[in-house]
Amino acid sequence: MPQCRICGSAIEAFMSFGKMPISNGFLRPDEFDNEYFFELAPAICGNCAMLQIIEQPDPAKMFHENYAFFSGTSKYMKVHFAEFATAIQKHHLARYDDPFVVELGSNDGIMLRVFADENIRHLGIEPSKNVAEAACARGVNTICEFFSEDVATQIVLQHGQADALLAANVMCHIPDLASVAKGAQALLKPRGILVFEDPYLGDVVGKTSYDQIYDEHVFVFSALSVANAFGRHGFELVNVEPQITHGGSMRYTLAKKGAKQPSNAVALLIAKETELGMDRAETFDTFRQNCETSRDQLMAVLNDLREKGAKVAGYGATSKSTTVMNYCGITADHITFISDTTPTKQGKYSPGAHVPVRPYEEFIANYPHYTVLFAWNHSREIMEKEKDYTAAGGKWINFVPKVNIQE
Ligand code: DWN
């Protein structure tokens, strides 16, 4: 029987999304035959409430010198990260002389550049070489490493302890959270804070946004599971702040036990999660049924449009779309291409389903009748940008929170 990655209790998958490829493993036709697959099966731990996937591919298969995702591709995310950095600076760092801030998984430096611009001591730790180089090129101090206790010790030796350790959409990717927590204990000053944000389990369950579950996301956090996982390593959850990013995220602030007074928001959220059953098997049985309904409804729409000969495209070759396409059985017969602005994805094919990924300019030049909004988490920005498509009669197919055709 598999064991919980946090507390070692026996866990069992509550569903399987089937065989899945690497979510960001965009590929060329000559690579189709050797594509890697694993079983994507999530479980909820009845003891510590952590939602996790049972099998996760080797990190080297997911994060490498050709990692396809650059944080800076969304205009709104740039603003969000600037606000995140400013909040940390104003509410925490401003009270210290010569503060030092470290970020885990700093990607292309989208957040740390704010500190760099203010001449605040900073260091990014980013395991994917191509994005780490992009950060260095824009003047953001970055080392290309996976964070661990050893790396934390080296940083302390070179730079001293940190006042804040930040992570955005990173912590839920790290299977060995114990190592991160121990590293954070070593790295942070006695009153230092660990602040991270990730897609929130309450939103995933509430909106049936099952596409947040894929190889890279080994965990989907709740306040309950974060308090338990970090509580085992001398941390206390002292604040929670909901975020609208990535379809509903939560920002968690942790401090060394006893160093700071937890806010009321923590107790309120934990009570709400307990009431909603975020730690109970029945909740996830209902979630499984909702996923199946969503899949069947989306396929009914796409099969119908295929029969009618409508031209259908996808918008945003997201990691999330890999789960949707492979779980639902979407093929190049349903969707002729996926439009994406990321140069490294363009000209390649989507993982598993092998739908061509084409430059955004092709979407503009030849509007499809219907477009599946895979990047639904950027809907506000995209709807603003694509007013002409809608005005020209183009229709959006949504699947979160419900499958529908936006007229
Ligand atoms: O945690 C993770 C999140 C933060 O980012 C990672 N594991 C990987 C990645 O997940 P994702 O690929 O699902 O993220 P996004 O931000 O939903 O990806 C958006 C994709 O859509 C990008 O490939 C860029 C593209 N895009 C586009 O073509 N036009 C995005 C926007 C906003 C657009 O207007």
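The numbering scheme is per chain: residues are counted from 1 as the chain's sequence reads. With pLDDT at 70 or above as the cut-off, local features in this predicted model cover only qualifying residues; side-chain atom pairs require 80 or more to be listed or tallied, and sums for whole chains, interfaces and linings still use all residues. Remark: hydrogens and water are excluded; side-chain values derive from all non-hydrogen atoms of the structure.

A.B. asks: Sorry if this is basic, but what is going on with helix H10 (residues 281-308) here?
C.D. replies: Residues that lie three or four places apart on an α-helix share one face, since the helix turns once every 3.6 residues. Spanning 28 residues, H10 covers 41 Å between terminal C-alpha atoms, matching the ideal 40 Å at 1.5 Å per step. For H10, the set of buried residues is Thr283, Phe284, Phe287, Cys291, Ser294, Leu298, Met299, Val301, Leu302 and Leu305. Strands are runs of DSSP state E lasting at least two residues, helices are runs of H or I lasting at least four, and both sets are numbered from the N terminus onward. Following H10 by one or two positions, Gly309 has its phi on the positive side, about 75°. Given the number of residues in a helix, its expected span is that number minus one, multiplied by 1.5 Å. Think of it in three bands: residues with accessible area under 20% of the maximum for their type are buried, residues over 50% are exposed, and the middle band is partly exposed, with areas taken using a 1.4 Å probe on protein chains only.

A.B. asks: I tried to follow the site of the ligand on my own but got confused; where do I start?
C.D. replies: One heavy atom suffices: a residue is near a molecule or strand as soon as one of its heavy atoms comes within 4 Å of it. Around the ligand, the surrounding shell holds 25 residues, and the nearest of these are Glu216, Lys320, Asp340, Lys345 and Lys385. In protein, a polar contact means a hydrogen-donor-capable atom and an acceptor-capable atom, both N or O and within 3.5 Å, with residues adjacent in sequence counting only if both atoms are side-chain atoms; elsewhere, any N or O pair within 3.5 Å suffices. Here His217 contributes a side-chain N or O atom positioned 3.0 Å from an oxygen atom of the ligand. Lys345 is positioned with one of its side-chain polar atoms (N or O) 2.7 Å from an oxygen atom of the ligand. Every element with two or more residues in the shell around the ligand is listed here: helix H11 (319-328), strand E14 (337-340) and helix H13 (379-385). Of all the elements, H13 adds the most residues to the shell around the ligand, at three residues. Side-chain classes are defined by residue name, with Ala, Val, Leu, Ile, Met, Phe, Trp, Tyr, Cys and Pro counting as nonpolar, Asp, Glu, Lys and Arg as charged, and the others, Gly among them, as polar. Here the residues of the shell around the ligand are counted per class, giving six nonpolar, 13 polar and six charged. Both domains that meet at the shell around the ligand, namely domain 1 (71-275) and domain 2 (283-406), each give it at least three residues. Reported domain spans reflect what an automatic or database domain assignment gives.

A.B. asks: Explanation requested: the environment of Ala317 in the structure shown.
C.D. replies: Its location among the elements puts Ala317 in the loop between strand E13 (312-315) and H11. Distance in space between the C-alpha atoms of Ala317 and Thr341 is 8.9 Å, their sequence separation being 24 residues. By definition in these notes, contact holds between two residues if any of their heavy atoms fall within 4.5 Å. Excluding residues that lie within four positions of it along the chain, Ala317 makes contacts with Phe26, Ile338, Ser339, Asp340, Lys345 and Val357.

A.B. asks: What am I meant to see in the sheet that holds E13 here?
C.D. replies: Strand pairing in a sheet takes place through backbone hydrogen bonds and is either antiparallel or parallel in direction. By this definition, two strands are paired if DSSP reports at least two bridges between them. As summarised here, the arrangement of the six strands in space is E15-E14-E13-E16-E17-E18, forming an open sheet in which the pairing is mixed. The strands lining the two open edges of the sheet, one partner per strand, are strand E15 (357-359) and strand E18 (404-406). The average undirected angle you get between the axes of adjacent strands in this sheet is 35°. In terms of strand pairing, E13 meets E14 through three bridges, oriented parallel. Paired with Tyr315 across the bridge in E14 is Ser339. All axes are obtained by fitting lines to C-alpha atoms, using only the stretch in contact for helices, and the reported angles, taken between N-to-C directions, cover 0 to 180 degrees. Its contacts with the sheet put H10 on E13, strand E16 (370-373), strand E17 (395-398) and E18, and the angle it makes with E17 is roughly 145°.

A.B. asks: What am I meant to see in the packing of aromatic side chains here?
C.D. replies: Describing an aromatic ring pair means giving the distance of the ring centres and the angle of the ring planes. Each aromatic pair joins two rings of Phe, Tyr and Trp (for Trp, the six-membered one) with centres within 6.5 Å, and gets the label stacked for planes under 30 degrees apart, edge-to-face for over 60, and tilted for any other angle. Taken as a whole, this structure holds 23 aromatic pairs when the rule is applied. Look at Phe17 and Tyr210: their rings are 5.8 Å apart centre to centre, the planes differ by 20°, and that puts the pair in the stacked class. In this pair, Phe17 is assigned in the segment before strand E1 (19-20) and Tyr210 in the loop between helix H7 (201-207) and strand E10 (219-220), connecting sequence segments 193 residues apart. Residues Phe17 and Tyr210 agree in their burial class; the two are buried. When the centroid spacing of 5.8 Å and the interplanar angle of 25° are considered together, the rings of Phe219 and Phe221 count as stacked. Of the two residues, Phe219 and Phe221, neither departs from the other in class, the shared state being buried. Taken together, the aromatic side chains of Phe196, Phe219, Phe221, Phe230, Phe235 and Tyr252 make up a single cluster linked through ring pairs. Charge over a ring is defined by NZ of Lys or CZ of Arg lying within 6 Å of the ring centre and within 35 degrees of the ring normal. Over the ring of Phe84 we find Arg251, and its NZ or CZ is 3.8 Å from the ring centre. One residue, Lys385, lies across the ring of Tyr360, its end atom 4.9 Å from the ring centre.

A.B. asks: Which parts of the structure should I look at to understand the environment of Lys189?
C.D. replies: The topology assignment puts Lys189 in strand E9 (residues 188-199). Judged by its relative accessible area of 27%, Lys189 falls in the partly exposed class. As a C-alpha pair, Lys189 and Ser263 span 74 residues in sequence and 21 Å in three-dimensional space. Ignoring anything within four residues of it in the chain, the contact list for Lys189 reads Gln161, Ala162, Asp163 and Lys256.

A.B. asks: Looking at this structure, I do not really get the side chain of Asp215. What am I missing?
C.D. replies: Note that Asp215 resides in the loop between H7 and E10. The buried charged residue Asp215 lacks any salt bridge partner; its closest oppositely charged side chain belongs to Lys61, at an N-O distance of 10 Å. Beyond its immediate sequence surroundings of up to four residues, Asp215 is in contact with Pro21, Ile22, Ser23, Phe38, Leu40, Ile53, Gln56, Pro57 and Met62. The convention is simple: Lys and Arg are positive, Asp and Glu are negative, and His and the chain ends are not counted. By definition, a salt bridge exists where a carboxyl oxygen of Asp or Glu is found within 4 Å of a side-chain nitrogen of Lys or Arg.

A.B. asks: Teacher, can you tell me more about the sheet that holds strand E4 (residues 51-53) here?
C.D. replies: Here three strands make up an open sheet; going across it, the order is E3-E4-E10 and the pairing antiparallel. At either margin of the open sheet sits one strand with a lone partner, and together these are strand E3 (42-44) and E10. In the sheet, E4 pairs with E10 via two bridges, with the strands oriented antiparallel. Pairing of Leu51 across the sheet is with Val220, part of E10.

A.B. asks: So what exactly am I meant to see when it comes to the pattern of salt bridges here?
C.D. replies: In this structure the tally under the stated criterion is 14 salt bridges. Taking the shortest distance from any N to any O, the salt bridge between Lys129 and Glu133 comes out at 3.7 Å. Here Lys129 pairs with Glu133, and both are found in helix H4 (residues 129-137), just four residues apart, close to one helical turn. Residues Lys308 and Asp304 are paired through a salt bridge, measuring 2.9 Å at the closest nitrogen-oxygen approach. Here Lys308 and its partner Asp304 are both found in helix H10, four residues apart, which amounts to about one turn of the helix. When its relative accessible area of 62% is taken as the criterion, Lys308 is described as exposed. Among the charged side chains, a salt-bridge network with shared partners connects Arg28, Asp30 and Glu31.

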